[in-house]
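Single-letter residue listing:
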Amino acid sequence: MEHDEISIATGGNIKWRFPPVHPEGVKFGLIAAAITGIFFLLGWDVIGWLMLIVTMWVLAFFRDPVRAVPQDEGAIIAPADGLVTLIQKVPPPREMAGAAGLGDQPLIRVSIFMSVFDVHINRTPIGGTIKSVVYISGKFLNADLDKASEDNERQHILVERHDGLRVGFTQIAGLVARRIVPFVKPGDMVAAGQRIGLIRFGSRVDVYLPAGTAPRVILGQRTVAGETILGQIGDRRVIAGIQQ
């Protein structure tokens, strides 16, 4: 399993460090850096400085920070950094419905929108076995729209816990995103909060909470992949909040 361990030691401390760049982004950073160098060699300094900014943004886009994953079996963890833009009760996608999936009854769907400035490494909400990974080609509408869940290019991932509980989530491409990159396949064992893929460049992730589980986030709240708890399995209490 791919994860980072954090140990507690008397007198120890944690220092900030610049997040490493995921290998998927190294090639894009090198391409941007090469173009930047060419502009400077040609004497086009203004464009060169602009390309330097682009290069830094590309590297930042693919940053892969370490996260402190809650070790709580009942927790459903946010799979993405971003803004909670939709919380709706909807039927699960047909690719994850039925007895072998999430069932056929409506479930609460929490949608997290990732801007081009957010971390785009996605993580699994629970630990278990990857039961299915279904890719569907589609459009590239604004990922913030409700219909993006049905019209856009997307990838459904279903995870089953050791006790049979299943959680499904969907990576959705957006206006700028043009590729969903998976890190897992059916049959893989994953730990809660483990990296499972990324989307280039700006997109959304939908999470379908199990029946009887209320969301512990509110509209307008920002989530941190691998850290923010979206819901506690079996907890029906609804929270409220205000933006201020």
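Up top is the structure these notes are about.
The following paragraphs examine the structure supplied in this document. Because the structure is predicted, anything quoted here is derived from the model rather than measured.

In this structure, Val-159, Phe-169, Val-205, Val-207 and Leu-230 are the most contacted members of the largest nonpolar core, which totals 24 residues. Those elements that place two or more of their residues in this core are β3 (107-114), β6 (154-160), β7 (166-173), β10 (195-200) and β11 (203-208). Examining the composition of this core, we find that three residues originate from one element, β3, more than from any other. In contact with Val-205, not counting residues within four places along its chain, are Pro-79, Ala-80, Val-110, Ser-111, Ile-112, Met-114, Asn-122, Phe-169, Thr-170, Gln-171 and Ile-199. Within the second largest apolar cluster, seven residues are counted, among which are Val-58, Phe-61, Phe-62 and Val-119.

Here helix α1 (residues 23-41) contains 19 residues, and its C-alpha end-to-end distance of 28 Å stays within 8% of the 27 Å for a straight helix at 1.5 Å per residue. Where α1 is buried, its residues contact α2 (45-61), β8 (179-182) and β10. Directly after α1, the chain includes Gly-43, whose backbone phi takes a positive value near 85°.

Strand order in the open sheet formed by eight strands is β9-β5-β6-β7-β11-β3-β2-β12, with antiparallel pairing between adjacent strands. A single partner strand is all that each edge strand has here, and the edge strands are β9 (189-190) and β12 (222-223). Pairing analysis gives two bridges linking strand β5 (residues 128-136) to β9, with the strands arranged antiparallel. By the bridge assignment for β9, Thr-129 is matched with Met-189.

Bringing the pattern of salt bridges into the picture now. Applying the stated criterion across every chain, the model contains ten salt bridges. As a salt-bridge pair, Asp-64 and Arg-195 come within 2.9 Å of each other at their nearest N and O atoms. Pair noted here: Asp-64 is in the loop between α2 and β1 (75-77) and Arg-195 is in strand β10, with a separation of 131 residues, a long-range link. Given the relative accessible area of 6%, Arg-195 is considered buried. In this structure, the salt-bridge partner of Asp-81 is Arg-67, at a minimum N-O distance of 2.8 Å. Separated by 14 residues along the polypeptide, Asp-81 in the loop between β1 and β2 (82-90) and Arg-67 in the loop between α2 and β1 bring together distant segments of the chain. When salt bridges that share partners are traced, they join Arg-109, Arg-204 and Asp-206 into one network.

In this section: the environment of Val-167. With respect to the helices and strands, Val-167 occurs in strand β7. When the C-alpha positions of Val-167 and Ile-76 are compared, they lie 8.5 Å apart, and in sequence the two are 91 residues distant. Residues within four places of Val-167 in sequence aside, it is in contact with Ile-76, Leu-102, Pro-125, Ile-126, Ile-157, Leu-158, Val-159, Val-207, Tyr-208 and Pro-210.

With that out of the way, let us pick up the packing of aromatic side chains. Taken as a whole, this structure holds three aromatic pairs when the rule is applied. Between the aromatic rings of Phe-28 and Phe-62, the centroid separation amounts to 5.5 Å while the plane-to-plane angle is 10°, which identifies the pairing as stacked. You can see Phe-28 sitting in helix α1 and its partner Phe-62 sitting in the loop between α2 and β1, a full 34 residues away along the chain. Overall, Phe-62 belongs to the buried group, its relative accessible area being 2%. Taking the centre distance of 5.4 Å and the plane angle of 85° together, the rings of Phe-40 and Trp-49 count as edge-to-face. Taking the relative accessible area as the measure of exposure, Trp-49 reaches 52% and is therefore exposed.

Calculation criteria
Residues numbered from 1 in each chain as written. Predicted model: local features only at pLDDT ≥ 70, side-chain atom pairs only at ≥ 80, totals over all residues. Heavy atoms only, no water. Core = buried A, V, L, I, M, F, W, Y, C linked by side-chain atoms within 4.5 Å. Buried < 20%, exposed > 50% of the residue type's maximum accessible area, 1.4 Å probe, protein only. Helix = DSSP H or I, 4+ residues; strand = E, 2+ residues; numbered from the N terminus. Contact = heavy atoms within 4.5 Å. Expected span 1.5 Å × (residues − 1). Pairing = 2+ DSSP bridges. Salt bridge = Lys/Arg side-chain N within 4 Å of Asp/Glu carboxyl O. Phe/Tyr/Trp six-rings, centres within 6.5 Å; stacked < 30°, edge-to-face > 60°.

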